[in-house]
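Topology and contacts: notes
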Amino acid sequence: MTVNDTALANRFALAKTLAAEAGAMALDYFNRRETLVIETKRDLQDVVSIADRNVETFLKERVAEIYATDGFLGEEFGHDEGSSGFTWVVDPIDGTAPFVNGMPTWCVSVAIVRDGEPVVGVIHVPCSDELYASAHGLGATLNDKPLRLDPARNLQNALTGVGCNSYVTPERFGAIITDLMQRGGNFIRNGSGALMLAYVAAGRLVGYYEPYMRAWDCMAGFCLVREAGGVTQPFPATGPALLEGHPVLAANRSSFEELLAIHMKHV
Ligand code: IPD
Ligand code: CA
Ligand code: CA
């Protein structure tokens, strides 16, 4: 093992431990969610609570204790640049809308980015007790079972995950759904883009498309999909671009080009 491999393997192990611990913490809040004060951010559909903030703080403090020179980007508290070359990119709760409304489709998403590429992607889904884990060159697993995508599945014979937020007009999103359905496809949305990307890696969905997402929503899922043998659209993640929104597209090899064509038609 080279020094680089060891640095990655050690961080991968920590990411799995922390995602599991953060998931347990988030689940405790979920089970007493009627006591949470729900606040809104950009609009009335963009919600947050102390659960999101405290889970992110927990992750940030634990990473800093062990890797003080690693960078850290989280949805709730922004970006601290590091000097080690590794940046942790974390969404403490992806799927906050399902979370506060009492639905189980939310997750903790932990990625590590190096040179603008996700090299670790771990997603913990407390309500279904699932841990999706991947690292560059080491494959992807779901509860320790290897994931490998099936090329026989495509937009026509499987489900495609989609998502949108208020950065995207209703007209544009409607046209995307129309296009997908005209091609014989069908869509599903469960309120967590990170979790739907993990479902792509697990072969439950054939692809995922959302016109505008942030790095904390998709980096872990991208690593999982790639390591399971799928394809992801390049997502700019160096310098200031790491903090900006970009299209998110991931699919198995048989579906990627068709999903990309839908995206390109409605940019
Ligand atoms: C959101 C979810 C949703 C997606 C939004 C995201 P949040 O993240 O992933 O599925 O459509 O674009 O912002 O707010 O639940 O962390
Ligand atoms: Ca998110
Ligand atoms: Ca979030």
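Here goes a summary of the coordinates provided. Fair warning: this is a prediction, and the values are worked out from it, not measured in the lab.

Cut-offs used in this document
- Residues numbered from 1 in each chain as written.
- Chains lettered and ligands numbered in written order.
- Predicted model: local features only at pLDDT ≥ 70, side-chain atom pairs only at ≥ 80, totals over all residues.
- Heavy atoms only, no water.
- Core = buried A, V, L, I, M, F, W, Y, C linked by side-chain atoms within 4.5 Å.
- Buried < 20%, exposed > 50% of the residue type's maximum accessible area, 1.4 Å probe, protein only.
- Helix = DSSP H or I, 4+ residues; strand = E, 2+ residues; numbered from the N terminus.
- Donors = N, O, S within 2.8 Å, 3.2 Å for Na, K, Ca; no water.
- Near = heavy atom within 4 Å.
- Polar contact = N/O pair within 3.5 Å; in protein donor to acceptor, adjacent residues only side chain to side chain.
- Areas by Shrake-Rupley, 256 points an atom, 1.4 Å probe, with all protein chains shown as cover.
- Nonpolar A, V, L, I, M, F, W, Y, C, P; charged D, E, K, R; others polar.

1. Some words on the nonpolar core
- If you look at the biggest cluster of nonpolar residues, it comprises 37 residues, and the most contacted ones within it are Val89, Ile123, Tyr132, Met219, Phe235 and Val248.
- Those elements that place two or more of their residues in this core are β6 (107-114), β7 (117-125), β9 (139-142), α5 (193-201), β13 (207-213), α6 (215-227) and β15 (246-251).
- Counting 32 residues, the second largest nonpolar core, distinct from the first, contains Leu14, Tyr67, Val120 and Ala133.

2. Here we look at the coordination of the calcium ion (ligand 2)
- Only Asp91 (OD), Asp94 (OD) and Asp217 (OD) from the protein reach the calcium ion (ligand 2) as donors, at distances of 2.1 to 2.2 Å.
- Read in sequence order, the donor residues coordinating the calcium ion (ligand 2) give the pattern D-x2-D-x122-D.
- The calcium ion (ligand 3) is placed at 3.7 Å from the calcium ion (ligand 2), the two being bridged by aspartate 91. Taken together, the residues aspartate 94 in strand β5 (residues 86-94) and aspartate 217 in helix α6 connect sequence positions 123 residues apart. Assigned by exposure class, aspartate 94 and aspartate 217 land together as buried.

3. Some thoughts on the site of ligand 1
- In the vicinity of ligand 1, 15 residues are found, and the nearest of them are Asp94, Gly95, Asn165, Arg189 and Glu210.
- Here glutamate 75 contributes a side-chain N or O atom positioned 3.2 Å from an oxygen atom of ligand 1.
- Separating an oxygen atom of ligand 1 from a backbone N or O atom of serine 192 is a distance of 3.4 Å.
- For ligand 1, the accessible surface in isolation is 380 Å², of which the surrounding protein chains cover 87%.
- Going through the elements one at a time, β5 and β13 are the ones with two or more residues in the shell around ligand 1.
- Ranked by residue count, the leading element in the shell around ligand 1 is β5, at 3 residues.
- Along the lines of polarity and charge, the residues of the shell around ligand 1 split into 3 nonpolar, 6 polar and 6 charged.

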